[in-house]
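Inside the fold
So the chains spell out like this:
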Amino acid sequence: MLSRRQKHILLKFFSLFSVVRGYNILVVVIAQYLTAIYILAHNKPVKEVVFDLNLLMLVLASASAIAGGYIINSFYDSEKDLINRPIKSRLDRLVSQNTKLSFYFVLNFIAVVMASYVSFKAVIFFSIYIFGIWFYSHKLKRLPFIGNLTSAILTITPFFAIFMYYKNFETVIFVHAVFLFIMIAMRELTKDLENIKGDIAQNYVTIPVAFGEKTSKVMLTVLAALTLIPTYLLLFHFEVGYMYFFFYLSLMLLVVFLCLLWMSKTKIQYLILHNILKFIILAGVFSILLIDVSVILNRI
């Protein structure tokens, strides 16, 4: 049996893990490595990529900066989250705001130190990224369109660190990035629909608050239609191996998403839609393995 002190420490750990969304960071780390192995450095041996210390430092810098970003975002959204996510908010509040801010500065410092191992350009890149996350959390997320666009850009920015490191400018990479960007933009707008009550209470002028739910649904429908462009290019103009299964699955799920979207009115219904998009993004990460299922054997 754990003592009261041990239980308290364990709860604090889970609270901090919840604040930094450790599960999301783990997915980003996996996605960065898979992207490097299968897309950006597909012509290099797997061992060379996996044991590349510079790549490890970039991935760790990304993880630290993202964790810091979640902390500062939670700091500014603490009142809104009491309305939108009451259960998660109660868990997050087990760690004081001062402790969160201390961790925020420590994590950002670690990110810069990790980046400095690679190059001065990496330090500049992550310094700008860290500032961008803070500015988004402090100001931009309250603005319609700009907040959604900035959030989507910041989400995919860690992948540009890996992209810049390998300097691979193949067109297929940009097409993959466009598909991911649209999916993330859809997720952000759906999240705004889900959190509309808290946004109104805290004077966040998101797209649903400023223009209404119907306009937001029209925009989501347009974005879903736009995914057809990168999907068509990836299926019929580029070699994606067995990853075509994922793109056909994502198209079917997007049809389900749109059908449910126009019937949705409550928070729980929008949460279901949000989870559909999260599943597509998560499935997309692991389906990178399908680009070349024999890669581990052939490039080891």
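Cut-offs applied
Residues numbered from 1 in each chain as written. Predicted model: local features only at pLDDT ≥ 70, side-chain atom pairs only at ≥ 80, totals over all residues. Heavy atoms only, no water. Phe/Tyr/Trp six-rings, centres within 6.5 Å; stacked < 30°, edge-to-face > 60°. Helix = DSSP H or I, 4+ residues; strand = E, 2+ residues; numbered from the N terminus. Buried < 20%, exposed > 50% of the residue type's maximum accessible area, 1.4 Å probe, protein only. Salt bridge = Lys/Arg side-chain N within 4 Å of Asp/Glu carboxyl O.

Some points on the packing of aromatic side chains
By the definition in use, this model includes 17 aromatic pairs. Pairing F179 with F246 gives two aromatic rings, centres 6.0 Å apart and planes at 80 degrees, and the pair type is edge-to-face. Note that F179 is positioned in helix α10 (residues 171–194) and F246 in helix α15 (residues 244–261), a separation of 67 residues in sequence. You can call F179 buried: its relative accessible area is 7%. Geometrically, the ring pair formed by Y242 and Y244 is tilted, given 6.4 Å between the ring centres and 35 degrees between the ring planes. Looking at Y244, the relative accessible area reads 31%, which means it is partly exposed. In textbook terms, an aromatic cluster arises when at least three aromatic residues are bridged by ring pairs, as seen for Y242, Y244, F245 and Y248.

Describing the pattern of salt bridges
With the rule as written, the count across this model stands at two salt bridges. A salt bridge links R187 to E188; the shortest N-O distance between them is 2.8 Å. Of the two residues examined, R187 and E188, each falls in the buried class. Two residues, K191 and E188, come together in a salt bridge whose shortest N-O distance is 3.5 Å. One end of the pair is K191 and the other is E188, both in helix α10 and three residues apart, which spans about a single turn. Residue classification places E188 among the buried positions, given a relative accessible area of 5%. Several salt bridges share partner residues, and in doing so they unite R187, E188 and K191 into one network.

Limitation: the analysis is restricted to geometry and does not speak to function.
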